[in-house]
Amino acid sequence: MLPKKPSQIVFMLIMAFGISIIMCAVVTAVNTGTDFGYLNRFFSAWIYALPTAVIAAFTLAPIVRKFADKITK
């Protein structure tokens with residue numbers, strides 16, 4: 001088990017991983033179909049999607065948290 005302190009970082013990494021897989025799978029299927037080469041196209045796109053999702057999660061999380069706090073208090 002990991003200590004509680006990095007739980008927010010671990011949460012954002014897991015969310016970015018999951019969201020990038022789902023979004024990449026859906027967008028690849030919609031744009032190019034699910035024929036024989038689907039997995040190759042998926043992994044080729046996911047190589048770029050995962051780091052993009054991680055950067056977006058770490059960049060947007062503080063901004064979204066502040067905005068959510070403002071509209072919910």
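The following paragraphs examine the structure supplied in this document. (Residues numbered from 1 in each chain as written. Predicted model: local features only at pLDDT ≥ 70, side-chain atom pairs only at ≥ 80, totals over all residues. Heavy atoms only, no water.)

### Re the environment of T72
Relative to the elements of secondary structure, T72 occurs in helix α2 (residues 38–72). Since its relative accessible area comes to 60%, T72 is described here as exposed. Linking T72 and A61, residues 11 residues apart in sequence, is a C-alpha distance of 16 Å. A distance of 2.6 Å separates a polar side-chain atom of T72 from the backbone oxygen of A68. (Helix = DSSP H or I, 4+ residues; strand = E, 2+ residues; numbered from the N terminus. Buried < 20%, exposed > 50% of the residue type's maximum accessible area, 1.4 Å probe, protein only. Polar contact = N/O pair within 3.5 Å; in protein donor to acceptor, adjacent residues only side chain to side chain.)

### As for the side chain of T28
With respect to the secondary-structure elements, T28 resides in helix α1 (residues 7–32). Overall, the relative accessible area of 8% leaves T28 in the buried class. The contacts of T28, once residues within four sequence positions are left out, are G33, Y38, R41, F42 and A45. (Contact = heavy atoms within 4.5 Å.)

### Remarks on the packing of aromatic side chains
By the definition in use, this model includes 5 aromatic pairs. On the basis of an interplanar angle of 25° and a centroid distance of 6.3 Å, the ring pair of Y38 and F42 is categorised as stacked. Here Y38 pairs with F42, and both are found in helix α2, just 4 residues apart, close to one helical turn. For Y38, a relative accessible area of 16% gives the class buried. Under the relative-accessibility criterion, F42 is labelled buried at 8%. Ring geometry for F43 and W46: centres 6.5 Å apart, planes at 65°, overall edge-to-face. Here F43 pairs with W46, and both are found in helix α2, just 3 residues apart, close to one helical turn. The exposure class of F43 is partly exposed, given its relative accessible area of 44%. (Phe/Tyr/Trp six-rings, centres within 6.5 Å; stacked < 30°, edge-to-face > 60°.)

### A short note on a nonpolar patch on the surface
Where nonpolar side chains cluster on the molecular surface, the patch consists of F11, M15, I19, M23 and V27 and spans about 470 Å² of accessible area. A relative accessible area of 39% places M15 in the partly exposed class. (Patch = residues over 30% accessible without salt bridge, like charges linked within 9 Å, V, L, I, M, F, W, Y side chains within 5 Å. Areas by Shrake-Rupley, 256 points an atom, 1.4 Å probe, with all protein chains shown as cover. Salt bridge = Lys/Arg side-chain N within 4 Å of Asp/Glu carboxyl O.)

### With respect to the pattern of salt bridges
Throughout the structure, instances matching the rule amount to 1 salt bridge. Linking D35 and R41 is a salt bridge whose minimum nitrogen-to-oxygen distance equals 2.7 Å. Overall, R41 belongs to the partly exposed group, its relative accessible area being 26%.

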